[in-house]
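# Structural description and commentary
Here is how the chains run, residue by residue.
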Amino acid sequence: NVSKRGGESIEEMTAALYGDTEMRLMELLGLIRCLFFMGDYQESLTPAIQVGGTDIILQLLNWKEPIVVIDTLRMASAFLAHKKFANLFIDKEGVHRILQLQHTTAILDGIGLCLTAIAAVPSVLDRFCQLQS
């Protein structure tokens, strides 16, 4: 994509406005937000599992940037509405991991979304509760 300004690409103009780190963060957040919307669809479940979606979510929860953690929790909540994904998340101790996150208001909202998604699938909730005893 070439803009009207001296033949610079949009990527070059954006990189001039934002540093490399900020650009990568914005790209990551864009990807997480796209995946959040895709998580509602059954068709996205198989590819998400094949690429290790639960592992990716758990890695993203380790980021220092709170906005990455918050958006990752929202994305996770969309995928956790699917029984198979939720069971994998429980197997990898994902629920324990989200409960260990820093308790800011926005992060607690994201944790609540995840727990609500798990509670919406009775067999998954039952399985999670059995692990606690």
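Residues numbered from 1 in each chain as written. Predicted model: local features only at pLDDT ≥ 70, side-chain atom pairs only at ≥ 80, totals over all residues. Heavy atoms only, no water.

The residue D71 is located in helix α5 (residues 66-79) in this model. Its relative accessible area of 3% is what places D71 among the buried residues. Side chain to side chain, D71 and R33 meet in a polar contact 2.5 Å long. Those residues within four positions of D71 in sequence are excluded, and the remaining contacts are L29, I32 and R33. (Helix = DSSP H or I, 4+ residues; strand = E, 2+ residues; numbered from the N terminus. Buried < 20%, exposed > 50% of the residue type's maximum accessible area, 1.4 Å probe, protein only. Polar contact = N/O pair within 3.5 Å; in protein donor to acceptor, adjacent residues only side chain to side chain. Contact = heavy atoms within 4.5 Å.)

The next thing to look at is the pattern of salt bridges. Per the counting criterion, the structure on display carries four salt bridges. One salt bridge in this structure joins R33 and D71, with 2.5 Å as the shortest N-O distance. One end of the pair, R33, is in helix α2 (residues 20-38); the other, D71, is in helix α5, and 38 residues separate them in sequence. Classification of R33 by relative accessible area gives partly exposed; the value is 40%. A salt bridge links K92 to D55; the nearest nitrogen and oxygen atoms lie 3.1 Å apart. Residue K92 is found in the loop between α6 (83-91) and α7 (94-99), and its partner D55 is found in helix α4 (residues 53-60); the two are separated by 37 residues along the sequence. Residue classification places K92 among the partly exposed residues on the basis of a relative accessible area of 38%. The class of D55 is partly exposed, set by a relative accessible area of 32%. Counted as one network, the salt bridges with shared partners bring together R33, D71 and R74. (Salt bridge = Lys/Arg side-chain N within 4 Å of Asp/Glu carboxyl O.)

Our focus in this paragraph is the packing of aromatic side chains. As enumerated under the stated definition, the model contains two aromatic pairs in all. Consider the rings of F36 and F37, whose centres lie 4.9 Å apart with planes at 65 degrees: the pair is edge-to-face. Assessed through its relative accessible area of 28%, F36 is described here as partly exposed. Ring centres of F79 and F85 lie 5.3 Å apart, and the angle between their planes is 35 degrees; on these two criteria the pair is classed as tilted. For the pair formed by F79 and F85, the shared burial category is buried. (Phe/Tyr/Trp six-rings, centres within 6.5 Å; stacked < 30°, edge-to-face > 60°.)

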